[in-house]
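An overview of the molecular structure
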Amino acid sequence: MLHPPDGPVAGVIAVVWRDGCVLLVRRRNLPNRGLWAFPGGRQHRAETIVAGALRELAEETGLHAEAGTVFTAFDVFAPGGPDGATHHFVLSAVLVRHAVGMAVAADDALEVGWFAVDSLPEPAVPDLGRIARLSLEALETGEGG
């Protein structure tokens, strides 16, 4: 039987704004199947946070970017492990600027969409609105690169 790791798993999300809207994906797979979320996933061994977020962005949406800045990190506790255990992820959020291309659903994404912060879709992962607002603050203050 598979068991979750003893400690948290490192993950990354990419937060991309374009024309006043944030890019979201609707998840295809567990643990967040069917929920709207930021593009992201597990960070690979020997991969920086920013590189991981840019990789996940490209894999899930087809958008490409060369730079981003970490603006926050947060805990996610997801139920549903094979043995009923709760999984613990620590996600680093990367504000991505100058993403190019046309967003399309790929890899773990059922669909993609661009949403204003005051009209985020449901059902969504916890913290979606909070992270979207934090990213806007980072953009406005210049803390996000």
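The preceding data block contains the structure.
What you are looking at is a predicted structure, and each value in this text was computed from that prediction instead of being measured. (Residues numbered from 1 in each chain as written. Predicted model: local features only at pLDDT ≥ 70, side-chain atom pairs only at ≥ 80, totals over all residues. Heavy atoms only, no water.)

Time to look at the nonpolar core. If you look at the biggest cluster of nonpolar residues, it comprises 23 residues, and the most contacted ones within it are Ile13, Val15, Leu24, Phe38, Phe71 and Ile131. Sorting the residues of this core by element identifies β1 (9-18), β2 (21-27), β3 (36-37), β5 (68-78), β6 (87-96) and α2 (128-141) as the ones contributing at least two each. Apart from the residues lying within four places of it in its own chain, the contact partners of valine 15 are Val22, Phe38, Phe71, Val94, Leu95, Val96, Ile131 and Ser135. If you look at the next biggest cluster of nonpolar residues, it comprises 13 residues, including Ala14, Leu23, Ala53 and Leu63. (Core = buried A, V, L, I, M, F, W, Y, C linked by side-chain atoms within 4.5 Å. Buried < 20%, exposed > 50% of the residue type's maximum accessible area, 1.4 Å probe, protein only. Helix = DSSP H or I, 4+ residues; strand = E, 2+ residues; numbered from the N terminus. Contact = heavy atoms within 4.5 Å.)

This part covers the packing of aromatic side chains. Inspection of the entire model under this criterion finds one aromatic pair. Here the aromatic rings of tryptophan 36 and phenylalanine 115 are separated by 5.1 Å at their centres, their planes lie at 75°, and the arrangement is edge-to-face. Taken together, the residues span a long stretch of sequence, with tryptophan 36 in strand β3 and phenylalanine 115 in strand β7 (residues 109-115) at a distance of 79 residues. Relative accessible area serves as the criterion here: at 7%, tryptophan 36 is assigned to the buried category. (Phe/Tyr/Trp six-rings, centres within 6.5 Å; stacked < 30°, edge-to-face > 60°.)

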